[in-house]
Amino acid sequence: MVSQNDSDSRLELTGDLSVGGPPARRWAWVEVNLEAIRRNLQRFRRLIGPDVMIMAVVKADAYGHGAVRVAQKALASGAKWLGVSNVEEGIELRKAGIAAPILVLSEPPASTIDLILHYGLTPAVHSTEFALSLGEAASAMGRIAPYHLKIDTGMNRVGVHSDDAPDLLRTIDFHSGLQLQGVFTHFATADEADTYEITRQYDRFMKALAEMRYMGINPGIVHAANTAATIRYKQAHFNMVRIGIGMYGMHPSEITQSQMELYPAMSVYARVTMVKSVPMGEGVSYGMLYRSPGNVLIGTLPIGYADGIARELSGKMDILLKGRRLPQVGNICMDMMMFEANQRSSAGRLAIQPQVGDEVVIVGRDGEEWITLDELAQTLGTINYDMACRLGERLERLYVE
């Protein structure tokens, strides 16, 4: 079954997760395969065993895949917790009827405490000031506010330094309005070959946990592993793992690719809006950096850099049409880009004749050919996380169940 926001659809899931897409309100759209997300979480479940919980990280609108739908699928697939970046993201999930525990992964502003309590969110805590404010507000409502202590073990982004974590707990543990529900850290280099830094972070985290227990404080749910650490470091699984990029079928680095097969959940499609023969020497798009060799057809697609196809990819990427790779040409525009279909047949291969309305794959599979977010990210000099978030910002999403 496929669903679309306020519009009809007509897709069926194929066995290998290769799917097409109907016209959307505009002829460019993102397709999110929720069955791929389920399969990916199943693979992580087999890896970690039955006793370790999964937190599905759905921050940044689920890395461009749509937070509400992904969260619902993740919970139905066995995830017990959801992770978000800020209070607003948590509120969106609550308003959609999601009742599962939601962790705000970094300490939010004190001005959001009333919202945190109203919507039943669990904040990360790393400062005495925020913790006591949270406790006072909870006590005034006759409630106890759960929180997770965020420990900085060396990434130096957010969190209480591992050496200072026990002292922070001493200053807030008395408060009847607070409940330490969990303790966590984040690894900066779990996806890199050099293990020095992650070993140092792990040792610092273990030392802090040991000191808490020596003080008689139960750390509760202990979690540290992101996707890369989940795949590579079993000792870092603790009580829960946080699965982000892997849930969406992407690997955090080449190092993990050989260790687990994942199913990409995002595909990007467009339909051809115009086809024209451009005379030899005529330019195409802004700057006319591309000149027609005279034996090609130029197709136009209604998707551009405002949709996440970075302008820096101009002339450096391909699209898929009828199972064949064709080069994108000319500068990518805000809302459009062009591709070239050579009309000379060669080596027994007939020329492709693009037609208005033809479906083009920008990310995904067409026959035996694939274009992945990793391919585009490598060309652009960025990471697949970045590409997924970009593509999910403006394009309409269709969901495959």
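None of the values given here were measured: they were computed from a predicted structure.

What counts, and where the lines are drawn
- Residues numbered from 1 in each chain as written.
- Predicted model: local features only at pLDDT ≥ 70, side-chain atom pairs only at ≥ 80, totals over all residues.
- Heavy atoms only, no water.
- Helix = DSSP H or I, 4+ residues; strand = E, 2+ residues; numbered from the N terminus.
- Contact = heavy atoms within 4.5 Å.
- Areas by Shrake-Rupley, 256 points an atom, 1.4 Å probe, with all protein chains shown as cover.
- Lys, Arg positive; Asp, Glu negative; His and termini not counted.
- Charge placed at Lys NZ, Arg CZ, Asp CG, Glu CD.
- Core = buried A, V, L, I, M, F, W, Y, C linked by side-chain atoms within 4.5 Å.
- Buried < 20%, exposed > 50% of the residue type's maximum accessible area, 1.4 Å probe, protein only.
- Axes fitted to C-alpha atoms, helices over the stretch in contact; angles between N-to-C directions.
- Parallel < 35°, antiparallel > 145°, perpendicular 65-115°, else oblique.
- Left-handed = near helix turned anticlockwise from the far one by under 90°.
- Nonpolar A, V, L, I, M, F, W, Y, C, P; charged D, E, K, R; others polar.

Caption draft 1: Up close: the overall build of the protein chain. Across its full length, the protein chain carries 12 helices and 22 strands. Taken over the C-alpha atoms alone, the protein chain extends approximately 80 × 45 × 40 Å along its principal axes. Here the contacts in the protein chain between residues at least 6 apart in sequence split such that 66% fall between residues at least 24 apart. Working note: accessible area of the protein chain is about 17400 Å², and carbon and sulfur atoms make up 50% of it. Averaging the positions of the 39 positive and the 45 negative side-chain charges in the protein chain gives two centres separated by 4 Å.

Caption draft 2: Structural view of the nonpolar core. Counting residues in hydrophobic clusters, the biggest one holds 124 residues, and the most contacted among them are Leu149 and Ile362. When neighbours within four sequence positions are excluded, Ile362 is seen to be in contact with Val268, Tyr269, Ala270, Ile303, Ile309, Met317, Ile319, Met337, Ile371 and Leu376.

Caption draft 3: Fine view of unusual backbone geometry. Non-glycine residue Ala60 carries a positive phi angle of around 55°. Residue placement: Ala60 occurs in helix 2 (residues 59-63). What makes Ala60 partly exposed here is its relative accessible area of 36%. Despite not being glycine, Ala62 has its phi angle at roughly 55°, a positive value. Structurally, Ala62 is set in helix 2.

Caption draft 4: Focus on the packing of helix 6 (residues 128-140) against helix 7 (residues 165-172). Direction vectors running N to C along helix 6 and helix 7 enclose 30°, while the axes themselves pass 10 Å from each other. The orientation of helix 6 relative to helix 7 falls into the category roughly parallel. Where helix 6 crosses over helix 7, the handedness of that crossing is right-handed. Contacts between helix 6 and helix 7 involve Thr128, Ala131 and Leu132 from the former and Leu168, Thr171 and Ile172 from the latter. A breakdown of the residues in the contact of helix 6 with helix 7 according to their chemical character gives 4 nonpolar, 2 polar and no charged.

Caption draft 5: Layout of the environment of Ile102. Its place among the elements puts Ile102 in strand 5 (residues 102-104). Residue Ile102 is classed as buried on the basis of its relative accessible area, which comes to 0%. Counting along the chain gives 43 residues from Ile102 to Ala145, while the straight-line C-alpha distance between them is 13 Å. Excluding its chain neighbours within four sequence positions, the residues that come into contact with Ile102 are Trp81, Leu82, Val84, Gly90, Leu93, Arg94, Leu121 and Thr122.

In short, the description is geometric, and any link to function would need to be established separately.
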